[in-house]
Amino acid sequence: MRAPINKRLLAAADFVRDGAVLADVGTDHAYLPIYLLSTGKIERAVLSDINRGPLDKAEENARSAGFLNSVSLHLSDGAASLSGMGITDYSICGMGGELIADIIDKAPHLKDGSIRLILQPMSKPEALREYLFKSGFEICGERYVTDEGKHYVCILASYSGVAVSFSVADTYFGKREVFFSADCDAFRAYMAGRKASLKRVIEGKRRGGIDSLFEEELLSELCERLDLVSS
């Protein structure tokens, strides 16, 4: 029987490769690896968290699901101590984009093109994309999902060693090609949320007499990209 999972984590699960050894960094309740073990998609999982409490809960859930022998638990600050374990895929979900970038930056063994990174920022996706672009990581795909009225993006990346050119808008919305490969209801809902957020910031700044040119330019670029998709 498959373990239950929400839509947000299901989007991350779709990026994990068949037969992977998955490290779930900041595992909390271990819902993602338990689901993947229950479907037979992964071989085993490494559950990592900086705090003992979430790790104990992850262990309890793995035991209840019957997968305790298929996981190893590591009290770890990020991914830096997880090298040499045969891990093929890393999921880093449920935290801010700046923190995810910091976790990757402090784990040099992730600069390996054979490793897949599944990243789901809860905030500041632009900070994460900017780090990836500058640091030689290729964004191989983006997946969008709406879960309980909230909109999320899941980013698939791997190391190429080549820093790519990018615009500020690319960090906020993804590269232009994303708009032609991800035209779906969840994608449109996510971008509609970004439009609404930018409009609120612009209106607030205007009321306060604060310059809003940066946000206006971002909004203009987003509208132009969306128009290209719908035309």
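Provided above is the structure to which this section pertains.
Keep in mind the model is a prediction, meaning the values are calculated, not measured. (Residues numbered from 1 in each chain as written. Predicted model: local features only at pLDDT ≥ 70, side-chain atom pairs only at ≥ 80, totals over all residues. Heavy atoms only, no water.)

Another aspect to go through is the nonpolar core. Note that soluble globular proteins tend to have their nonpolar side chains buried in a common cluster. Judged by nonpolar contacts, the single largest core of 44 residues is most densely connected at Tyr90, Ile104 and Leu119. In terms of residue count, helix α8 (residues 185-207) provides more of this core than any other element does, six residues in total. Excluding its chain neighbours within four sequence positions, the residues that come into contact with Tyr90 are Leu22, Ala23, Val25, Ala79, Leu82, His109, Leu110, Ile115, Arg116, Leu117 and Ile118. In this structure, Phe15, Ile42, Leu47 and Ala62 belong to the second largest nonpolar core, which totals 23 residues. (Core = buried A, V, L, I, M, F, W, Y, C linked by side-chain atoms within 4.5 Å. Buried < 20%, exposed > 50% of the residue type's maximum accessible area, 1.4 Å probe, protein only. Helix = DSSP H or I, 4+ residues; strand = E, 2+ residues; numbered from the N terminus. Contact = heavy atoms within 4.5 Å.)

Across the sheet, seven strands lie side by side as β3-β2-β1-β4-β5-β7-β6; this open sheet has mixed pairing. The open sheet terminates on both sides in strands that have one partner only, identified here as β3 (71-75) and β6 (137-147). The sheet shows a mean angle of 20 degrees between the axes of neighbouring strands, direction not considered. In this fold helix α2 (residues 31-39) packs onto β1 (20-25), β2 (42-49), β3 and β4 (89-95), with an angle of close to 170 degrees to the strand it touches most, β2. Packed on one face of the sheet, helix α5 (residues 125-134) meets β5 (116-121), β6 and β7 (150-159) and runs near 160 degrees to β6. (Pairing = 2+ DSSP bridges. Axes fitted to C-alpha atoms, helices over the stretch in contact; angles between N-to-C directions.)

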